[in-house]
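# Report on the structure
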Amino acid sequence: MSTLEEQIDVDVPLDRAWDFLHRVESYPRFLDGVREARSEGGHRAHLDVDAGGRAREFEAEITDRGKEGVMEWRTTSGPDLAGSFSLLPIDQQHTRVQARFEYDPGTVREAFGGPKGFAQAAAIERLVRNDLEQFKELAEQER
């Protein structure tokens, strides 16, 4: 299992970043490859994804540890993927968003296609970094 961790500082208060992160329907706006996302009630989400040029559907379970500012997720259908977002207050108007993504490289290659080895790790790192930058831009626009 491989783990990737990235972070970005967002110029919004923690509660605003937390609320934006929990709007499942807005995921296509900042998660590359997600074409549609919807809450399935409770702590579940359904994602329609463009996976290496193929349409795929995933179900995900979301667990909140709100008092700690952590949202964890894992797929319950499709490839075995998991991760978390941790939100840390910098001050009253700024929040650090830390993303952690756990994956098996073979599973990701099988589900999404693309390169192997180091090239795959670099591609995933770029993807997560771009998603975080898009999250920052959108969260700050909605101030």
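Residues numbered from 1 in each chain as written. Predicted model: local features only at pLDDT ≥ 70, side-chain atom pairs only at ≥ 80, totals over all residues. Heavy atoms only, no water.

### Section: the nonpolar core
Counting residues in each nonpolar core, the largest one holds 33 residues, and the members touching the most others are Tyr27, Phe85, Val97 and Phe135. For this core, the element with the most residues is helix α4 (residues 117-141), which contributes 6 residues. (Core = buried A, V, L, I, M, F, W, Y, C linked by side-chain atoms within 4.5 Å. Buried < 20%, exposed > 50% of the residue type's maximum accessible area, 1.4 Å probe, protein only. Helix = DSSP H or I, 4+ residues; strand = E, 2+ residues; numbered from the N terminus.)

### Examining the pairing of strand β2 (residues 34-39)
Regular strands show a simple pattern: their side chains alternate between the two faces of the sheet. Where β2 meets strand β3 (residues 44-51), 5 bridges bridge the pair, whose relative direction is antiparallel. When the bridges of β3 are listed, Ser39 appears paired with Ala45. Remark: 4 residues form the turn of the hairpin made by β2 and β3, two consecutive strands paired antiparallel; Gly41 in that turn has positive phi of roughly 85°. (Pairing = 2+ DSSP bridges.)

### Looking at the sheet that holds strand β6 (residues 82-91)
Ordered by their spatial adjacency, 7 strands build an open sheet running β1-β7-β6-β5-β4-β3-β2, and the pairing between neighbours is antiparallel. On the outer flanks of this sheet lie β1 (2-10) and β2, each paired with one strand and no other. Mean inter-strand twist for the sheet, computed between neighbouring axes without regard to direction, equals 20°. Here 8 bridges tie β3 to strand β4 (residues 54-65), and the two strands are oriented antiparallel to one another. The residue bridging Asp50 from the neighbouring strand is Ala55, located in β4. Across the sheet, helix α1 (residues 14-21) lies against β4, β5 (70-75), β6 and β7 (94-103), angled at about 160° from β6, the strand it touches most. (Axes fitted to C-alpha atoms, helices over the stretch in contact; angles between N-to-C directions. Contact = heavy atoms within 4.5 Å.)

### A look at the environment of Lys136
Mapped onto the elements, Lys136 comes out in helix α4. Sequence-wise, Lys136 and Phe30 are 106 residues apart; in three dimensions their C-alpha atoms are separated by 8.9 Å. Among residues more than four places away in sequence, those in contact with Lys136 are Ile8, Asp9, Val10 and Asp11. At a separation of 2.8 Å, a polar atom in the side chain of Lys136 contacts the main-chain carbonyl oxygen of Asp9. (Polar contact = N/O pair within 3.5 Å; in protein donor to acceptor, adjacent residues only side chain to side chain.)

### A few points about the confidence of the model for the protein chain
In this model, the protein chain carries an average pLDDT of 88, and 89% of its residues clear a pLDDT of 70 or more. Helix α3 (residues 105-112) is the least confidently modelled element of the protein chain, averaging 69 in pLDDT, while β6 averages 96, the highest of any element. (pLDDT = per-residue confidence, 0-100.)

### Things to note about the environment of Thr95
For Thr95, the location among the structural elements is in strand β7. When the C-alpha atoms of Thr95 and Asp11 are compared, they prove to be 6.5 Å apart, with 84 residues separating the residues in sequence. In this structure the side chain of Thr95 is engaged in a polar contact, spanning 2.8 Å, whose partner is the backbone oxygen of Val12. Of the polar contacts made by the side chain of Thr95, one reaches the backbone nitrogen of Leu14; its length is 2.9 Å.

### Digging into the pattern of salt bridges
On inspection of all chains with the given rule, the structure shows 12 salt bridges. Residues Glu142 and Arg23 are paired through a salt bridge, measuring 2.5 Å at the closest nitrogen-oxygen approach. Of this pair, Glu142 sits in the segment after α4 while Arg23 sits in the loop between α1 and α2 (27-30), and the two are 119 residues apart along the sequence. Among the residues examined, Arg23 registers a relative accessible area of 35% and is labelled partly exposed. (Salt bridge = Lys/Arg side-chain N within 4 Å of Asp/Glu carboxyl O.)

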